[in-house]
Structure formats: structure tokens, C-alpha cells
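If you want the building blocks of each chain, they are given just below.
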Amino acid sequence: MAPRLQLEKAAWRWTETVPPEAVTQEHIEAAYRVRLEPCQRGACRRNCRGNPNCLVGIGEHVWLGEIDENSFHNIDDPNCERRKKNAFVGLKNLGATCYVNTFLQMWFLNLELRQALYLCSSNEHTVRKSIPKDKDYEPQTICEHLQYLFALLQNSRRRYIDPSGFVKALGLDTGQQQDAQEFSKLFMSLLEDTLSKQKNPDVRNIVQKQFCGEYAYVTVCNQCGRESKLVSKFYELELNIQGHKQLTDCITEFLKEEKLEGDNRYFCETCQSKQNATRKIRLLSLPCTLNLQLMRFVFDRQTGHKKKLNTYIGFSELLDMKPFMEQKSGVYVYELSAVLIHRGVSAYSGHYIAHVKDPQTGEWYKFNDEDIEKMEGKKLQLGIEEDLEPSKSQTRKPKCGKGTHCSRNAYMLVYRLQTWEKSLTVEVPAFLQELVERDNCKFEEWCNEMAEMRKQSVARGKIKHEEVKELYQRLPAEAVKALCKDCVVERCRILRLKNQLNEDYKTVTNLLKITVKGSDGFWVGKASLRSWRQLALEQLNEQDEDAEHSNGKLNRNAPNKDEANEEKREEEEELNFNEDIVCPHGDLCISENERRVVSKEAWKKLKQYFPKAPEFPNNKECCSQCKILEREGEENEALHKMMASEQKTSLQNLFHDKCRPCLGSWPQETDELYIVSQFFVEEWRKFVRRPTRCSPVSSLGNSALLCPHGGLMFTYASMTKEDSKLIALIWPSEWERIQKLFVVDHVIKITRTRVAGEPESALYSSEPQLCPECREGLLCQQQRDLREYTQATIYIHKVVDNKKVMKDAAPELNVSSSEAEEEREENKPEGEQDPDFNQSNSGAKRQKLSHQSYVSYQKQGIRRSTRHRKVRGEKALLVSANQTLKELKIQIMHAFSVAPFDQNLSINGKILSDDTATLGSLGVIPESVILLKADEPIADYAAMDDVMQVCMPEEGFKGTGLLGH
């Protein structure tokens, strides 16, 4: 089959010899291509746009061949969710609960703990009687949740189970990664407290027996040898791994002696004075299950967050703790039973998995949420886990001997005391087994339901397959009879004009070279003449496309309605041929430079392509209205120039801003001054500078300076300070001229009265008088705005020494550029000023005050702040009035790398110390400058970690929900 464009050309080739008036039925059928033969399968790859009888490539290749029955459904095989024989059950990840799943699997494989939990007294009778068979069992306590969860892990037929009930009971956020080490400690404490209420001693003491050991903090006086001992319990040993390569080195550092000397001397009760001493930890007893926490997550002072240490630590499968014990008698050989792994480079994200050894078979398994993988042989394999995510500071993995391993992702090692006793056989209690059987029955019902749905979907798909094949055989359409002759004739005319266009272009070009004499020609726009061929071609193409769309041509895409409207609007906006010499009144324009005369022959050729073009004979008069407006415009320009010159001469000092009066030092030569709006002065100066481009100013617009009651909105004191930029002072002699030149809507005058014995501040009065009520309301609104802002800019200036660098908002620090630089800054277009400034809802907007913005200023009561220029050592922050000082310190920490506990903040000489107070209550307003004095760094990283847990509780484990049970 020929390409579409070749079919298109072939369908209209007859137009080259047939004029529009000679079109016959045969030509119409050729144009519509109704006589083309249907395409056969295999002859073309897809549905042909050029052949209306082509039915190939409309999806039949999917239906006419053999179809795999699995494509008729999207239901997975339910047997894939079934637990395999001799396999463990996985745990569903609820979003970010992989750290919980690793501990649950590790505790489940502690057979002594599992058996004790099964023996925990419960409401067995209540469960049997009160739980209907059609409803799910809902445990009420943590022990009941663990019992039911362990029973499902032991005897469920599912590949994995859902621990959401247990996670919800602990109050954990399923969408947020928590601190796994902290979770382990808090849960062990919670479990011990819960089991302590049990009567059975095997149950009550299981946590202490399995996980609890004792060590003592021993301090020995170097003078008298007196020992002071403080015995403490532990459930896990927290080992520092920085600077170490082997686990035994970490344990040795944990137990090493510490010298107490100098200011850190120990007060000896025997000597009754401070003495040099040594302090160390002595291991007194060890539990059956020894949990060793490797402290991989440490505080990074540069970022203010915890970071993960990716150094390799070597450890052996057998660990002899006897050399570390105070009492050397007894057997303290431990066997590795679990390794908890953290994948990822960040302490606040990543993924947790667990490698746990089956105590009954001695085989190792990798528990990864729903997926559980059995390791080959009976040896631990960590190689895959260590190659997942390369670290920037990764060192080469050290060689490990037989029976030893090394890891840069292990964060907890679990050792079990080596015994020769046989492993326990733990049976699920009858009432729990009944609940498990209920769940297994539901699972089987679900499997049968899914299998039946798959079967029904396949049956429906096969029926549809047969229907489609039968339908395809009926698809070839009959010849179309209702064919439009008018559309074919119109397109024939367009195609012939397209072919004739090049010849006519040459003819018109030659005709334009002939000089037209007399009044036989026609006016044509010069711009239209330069582009008439292109305009004609575009117009013919548009007409051709319109003909196709209106024709409803087969195998063509109809235009989008929005696109058609957009094209129509563009056509209306663009000038058509010869419209460039049409004036706004629809007549011939007055500018002869934009048009020229062409001959009758040339105009006749052009009219063939542009029949609707405006026609202006050579003797046509120009538009009379345009002539009148041209004369008036010239007169107005001359009038404006004369007005500008007169006003500039009368008010020369006001125009050049010279010899202006100042309220701060009242001029002695007069006792009265007049006030006008600064906006009026700026707009008037624009007119005087460019009278032909700017409109003249007719009125003062002093109403913007008055309140709704007609009173003045400013006090004398405010006009000397913050409001001075809103007003302009006028001399009495200038005022007389202003009254003659402009419409005066309101007279505002300020007068000085000399009274002996009166204070200087009482010697001034204004007309109209100040409106105290509106003024007070304005100030109150300003104060409220300064306390209720959101996303406003403040500046933090870091002080490098103990000297007070800034006083009263540090005016000397604000002077960072010359007056010329400030003037250039003011003259920048709006939006380009002060790149560090962020406009906010606080109203502290840095822009020139316009008349409209000043009216808004009066209504909203927002005062424009003075521009603050940043200096070296200073950074801008976005804050809100309702955020606390603690939250501001966190922002400062990220901006300056200064920890919150090292920050000393002050504003206007006032120390900011209450971390719970809001910035609004502390007097921090938009554009405030806060001084930051940083303390010297400390080396106690543990102290930093504690502070960060207080400052950023959302970063770590939220233990409130867990401890609340």
C-alpha cells in the first residue's frame, strides 16, 4: 500500500486539467477514494489514513491469533501466597516498620521467650465464648498481641502475616522510620513491666533471665585504696565502634579504666577530700542472650543530625566473655544467633533486615519483611548485604578467617550462651491454635474465591475472543453514497490557485514596475505587497484545511474545539491583506508613507486571491476624522510642553528638590508650611520631564493624607521620622503658585506658634487637626500586624567576639553602600530590588509607595519598613510569628552550623532564652536583626545527642505511644 501522501496526491491529480465548473461524479468519487480496494492483513502494518476501506491495524492482531488465557485476568495465583513446607512466615511491612519486623522475628526464634509468652495467663475462657466465628480476634494487651502474633508465625498457612494490630497497640507511626535501637530498649522495658504482674515465676522473670545482666561502676581512690561500687542492670551493652576493627576491642574500651584527676578528682569518703582515682566498669553477671549494640549512629556536629558510621567491624561466631568477667569461674562461651543489618547511608532512612539462626536446626535465615531466604549450608553469609550501597568513605573489606565475619552495616549482634541441652519443643496453646485455625480457614476461603474469579475471567475472555473474531469478518463497509459535490469543487478551485500562484507572482511583480498615471490605480499597503504571496499561500492552506474538516473526510482527525477557537482568535487579531492601510474608523489611513498605487491589472490579480480585501481607488480621500485627530494631537502636545515649561519655571526648587524645608529644624524665615502628598510630587515631576508621554497632573490628591473623618493621619513627630517619605513640605510662596496651577482638594497646613515658657513640642499645630481615634486605630493595627505575620524575613548576624557590635538595630551595619548606590537601587524596576528580600504577608514590602499602595496603607494600617542591607556574616531567614524560639534555633543551626545549645541570641540588647516562647511574643518583628554569639564547641558527643533528641523529637523514635501502655 502506498503512503498516505501519495494516495492524497493521486486522489486529486485530476484537478490539474479539470476546472471547478467541469467536476463530475467520477471526480467526486476519486476525491473521496471510495473505490479503493480494502487492505489485506499482512499487506500493511497499521490502519491506513489514506484508505477509508483499510481495517488493518485496529487491534485485530491481538484477537485473531491464539491468546494466552492468563491475559484474560489480572488476578495473581493465590497459591503464591501460601506458606511453603518447612518455611518460616514473613511479616508485612506497613510502610516503615521493617525495624519492628526484624526484632519480632528475632524474639520469635528465642524459644524460651516464646514458651513463656504462651504460658502467660490470658482470658482463654472469654476468648472461646465471646468471639463469634464470623469476626476477627482483637487482642487487648501487649502480651495477647505477642501471643497471637507468635502463634500465627508458628502455624499459619499464609506466606506472611499482618502485624498492624501489634504496631497500632504500641502507638507507632507506620509511615515514619524510627530509631531501632531505642525501640528495642523501650519495648524490653515495657515487656518486663507487663510480665512482672504474672504469678508464674517462669513467665514473670523470663525477660531478666534471658536478657538481663549486671555490671558495676567501680571507683578506686589512689590515696587509700577505698572502692566505691554502684551495681546496675543492663539488657544490652552499647559499644563504641569508632577507631576499632574488632568486636573484642570495642568490649575492651567499654571496660577500660578512666583516670579522675585535676578538676575531675573524686571525693573520697574515707579521706574526706578530693583525691585522684580510677573508674571502670566490671561485669558481674551475663544473661543467656547477650545483646551487643554497635553504636553506628553518632551525632555529626557539622550538620546537626545523626550520621551512620560505615566502618567494618569484625566478629566471631564464638565469643568467650570469660576474660572480661570479674569472676573467672564458670563458662561464658557464647554462640552467635542473630545479626541485625541496616541498609542505607543515612541514620534516618534505609531498610532493616535480620539474619537469625534457627535454634532447632542450626540453619541461618535472612528475614526481609515478607520475604524469607534460607542460607545455603549452615553458615552465616553477609557478603550480599555489604555490597548493596557503596559509601563515599568506604574502605576495603578486611579478610575474615574461618568462623569470623566482618560487616559495615551490622548494628546489633545477638549471642546465645552455649549449652549442650536439646532445643525446646514449643507447642501452641489450644485456645491460640483455635484462633490460628480460624485464620487458616479464612485464608483457604480467600484462595478458593480468587481461583474461582480467575476461572470465570478466563471463561468470559474466551467468549469475547470468539465474538471479536466473528465481528471482524463483518467489518468491511459498503461504498459511501452521500458525497458532497460543493466541497470537491471548492477544493478543486483552491488546488488550482495553489498551482497558479507562482506564475501570478511573477506577473504581479512585473506589473508593479509600471508607473501608474492619473486616477486609474488602487491604493495598496506596502507591507501587504511585500508578503502577499506568503499571505495567499497561508490563506489557501487554511481554506483547504477548512474544506477537509467541513467535508468530514474519512480517516482524518477532527480539530480540537479549543484549538479551533484559538485559531479563530488569532485570525481576528492578525491583519488581512490591505488592512494595514485601514484606519480605526474603517477608512483610508492618512499616512502616505505606508501605501502605494498599483495598476488595475495588478489589483485584479490580487483580488483573485483576496476577494474580501478592502478596496481604495487612487482618487479616494483620506479619513476626515483622522485628520481632525492629528491636528488636535499636535495642538495637545504643544499645550503640554507649554504647561510643563510654565510649571517647572514656577516651581523650580520643588522640581529639582532643592532648598526644601525640614521639620526637624524649623526654618526661621517662616512660621507656616504646607503639606502635599509625595505621590503627587513624583507624578508631577514625571510629567514635567516627559510632557509628550505622560499625562498632566491636575489635582493634589491630598485626600490620601486624611482619615475618613477629615482629620490628619500624622503627628508632628511621625512626620519628622517614619512618615517623612509620604509627604512633601511646601513653602508659602510655592503654595500660592500651586493653587494657581492645580486643583486643591484639601489644604493641609502646619503652623509654629511662639509662646514663652512652653516646651518646643507644644509650639506646633496643623490644619486640619490630627484625628486621635483614627491614628490610634492605625497604630494598633500596625502592632497586630507585627505580631501576626507569616513567612517574613529576619536577619541573623553572627558576632565574632564578645563586643556588642550592634545597638538599636545596628544602624552602622546598615550603611553598606553609598548614596549613589541607594539611588540606583531605588530606580531599578519593581521585582529587581534587593534580591535577598522576600515579600510576605507581613506588609514589610520594599517598593516605592504609589498612590494606590498608600490608600491600602491607610486601610490596612501597615507601615513600610526601612530597607535593611545585609552585611558580611549575616543571613536572612523566613519565619512566622507563631513559631517557637526552639524552631528558630534549628533554622540557625542549618544556616550557621552552630548547635542549638551553643547559640546565644539577643535582640536590641535583650537575651532570648525561652525556647518555648513564640517569636511574636519575644518582640521579633519582620526585618528584625538578631545577634548570634556561638559558644566554643564541646567534645561530649553524647551530650550533643541528648540535646538533639530534645530539639528534634520528630527525627528520632517517638516513645510516648509505646510507654503509654
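Presented here is an overview of the structure given in this document. (Residues numbered from 1 in each chain as written. Predicted model: local features only at pLDDT ≥ 70, side-chain atom pairs only at ≥ 80, totals over all residues. Heavy atoms only, no water.)

Another point: helix α2 (residues 25-32). Buried within α2 are the following residues: His-27, Ile-28, Glu-29, Ala-31 and Tyr-32. Positive backbone phi, at 60°, marks Arg-33, one or two positions downstream of α2. (Buried < 20%, exposed > 50% of the residue type's maximum accessible area, 1.4 Å probe, protein only. Helix = DSSP H or I, 4+ residues; strand = E, 2+ residues; numbered from the N terminus.)

Here we come to a negative patch on the surface. A cluster of acidic side chains, namely Glu-630, Glu-632, Glu-634, Glu-635 and Glu-637, defines a negative patch on the protein surface. Within the element layout of this structure, Glu-634 appears in helix α20 (residues 624-650). (Patch = residues over 30% accessible without salt bridge, like charges linked within 9 Å, V, L, I, M, F, W, Y side chains within 5 Å. Areas by Shrake-Rupley, 256 points an atom, 1.4 Å probe, with all protein chains shown as cover. Salt bridge = Lys/Arg side-chain N within 4 Å of Asp/Glu carboxyl O. Lys, Arg positive; Asp, Glu negative; His and termini not counted. Charge placed at Lys NZ, Arg CZ, Asp CG, Glu CD.)

This brings us to the pattern of salt bridges. For the structure on display, the rule yields 25 salt bridges. The shortest N-O distance in the salt bridge between Glu-238 and Lys-185 comes to 2.8 Å. Taken together, the residues span a long stretch of sequence, with Glu-238 in strand β5 (residues 237-240) and Lys-185 in helix α9 (residues 180-195) at a distance of 53 residues. Among the residues examined, Lys-185 registers a relative accessible area of 39% and is labelled partly exposed. As a salt-bridge pair, Glu-615 and Lys-607 come within 3.9 Å of each other at their nearest N and O atoms. Overall, Glu-615 belongs to the partly exposed group, its relative accessible area being 41%.

Looking now at the environment of Arg-226. Note on placement: Arg-226 falls in the loop between β3 (213-221) and β4 (227-234). Setting aside chain neighbours within four positions, we find Arg-226 in contact with Thr-219, Val-220, Cys-221, Tyr-266, Cys-268, Glu-269 and Thr-270. Within the structure, the side chain of Arg-226 is placed 3.3 Å from the side chain of Thr-270, a separation counted as a polar contact. (Contact = heavy atoms within 4.5 Å. Polar contact = N/O pair within 3.5 Å; in protein donor to acceptor, adjacent residues only side chain to side chain.)

Another point: the nonpolar core. Soluble, globular proteins show a tendency: their nonpolar side chains are buried together. Judged by nonpolar contacts, the single largest core of 63 residues is most densely connected at Phe-103, Met-106, Trp-107, Phe-183, Phe-187, Leu-191 and Leu-195. With 9 residues, helix α7 (residues 142-155) is the single largest residue contributor to this core. What Trp-107 contacts, discounting residues up to four positions off in sequence, is Leu-113, Phe-150, Phe-183, Phe-187, Met-188 and Phe-211. (Core = buried A, V, L, I, M, F, W, Y, C linked by side-chain atoms within 4.5 Å.)

Moving on, we come to the packing of aromatic side chains. This model, assessed by the stated rule, comprises 26 aromatic pairs. Residues Tyr-99 and Phe-183 carry aromatic rings whose centres are separated by 5.5 Å and whose planes lie at 90° to one another, so their mutual orientation is edge-to-face. Residue Tyr-99 is located in helix α4 (residues 98-108), and its partner Phe-183 is located in helix α9; the two are separated by 84 residues in the primary sequence. Since its relative accessible area comes to 0%, Phe-183 is described here as buried. Centre to centre, the rings of Tyr-215 and Tyr-217 are 5.6 Å apart; their planes meet at 85°, and the pair counts as edge-to-face. Of the residues examined, Tyr-215 reaches a relative accessible area of 11% and is grouped as buried. Joined through ring pairs, the aromatic side chains of Tyr-99, Phe-103, Trp-107, Phe-166, Phe-183, Phe-187, Tyr-352 and Tyr-411 make up one cluster. Positioned above the aromatic ring of Trp-12, the side-chain terminus of Arg-491 is 4.5 Å from the ring centre. One residue, Arg-595, lies across the ring of Trp-523, its end atom 4.3 Å from the ring centre. (Phe/Tyr/Trp six-rings, centres within 6.5 Å; stacked < 30°, edge-to-face > 60°. Lys NZ or Arg CZ within 6 Å of the ring centre and 35° of its normal.)

Before going further, it helps to examine the sheet that holds strand β22 (residues 595-598). Backbone-to-backbone hydrogen bonds join strands into a sheet, with any given pair of strands oriented parallel or antiparallel. Strand order in the open sheet formed by 3 strands is β22-β21-β23, with antiparallel pairing between adjacent strands. Since the sheet does not close on itself, it has two edges, and those belong to β22 and β23 (616-617), each with one partner. The pairing of strand β21 (residues 522-525) with β23 spans 2 bridges and is antiparallel. Residue pairing in the sheet places Phe-522 in a bridge with Pro-617 of β23. (Pairing = 2+ DSSP bridges.)

Quick look at the state of the cysteines now. Two cysteines, two sulfur atoms, one covalent bond between them: this is a disulfide. Tallied over the full model, the rule gives 0 disulfides. You can see Cys-271 has no disulfide; the closest cysteine sulfur is in Cys-224, sitting 3.6 Å from it. Residue Cys-271 is classed as partly exposed on the basis of its relative accessible area of 25%. Free of any disulfide, Cys-622 has its nearest neighbouring cysteine sulfur in Cys-589, separated by 6.9 Å. (Disulfide = S-S within 2.5 Å.)

Spatial ordering of the open sheet is given by β4-β3-β9-β6, a layout of 4 strands whose pairing is antiparallel. With one partner strand each, in any of the chains shown, β4 and β6 (258-260) form the two edges of the open sheet. Ignoring which end each strand starts from, the neighbouring axes of this sheet average 25° apart. Taken together, the 3 bridges between β6 and strand β9 (residues 277-285) define a ladder with antiparallel strand orientation. If you follow Leu-260 over to β9, its bridge partner there is Ala-277. (Axes fitted to C-alpha atoms, helices over the stretch in contact; angles between N-to-C directions.)

Don't take any of this as a statement about function, it's just geometry.
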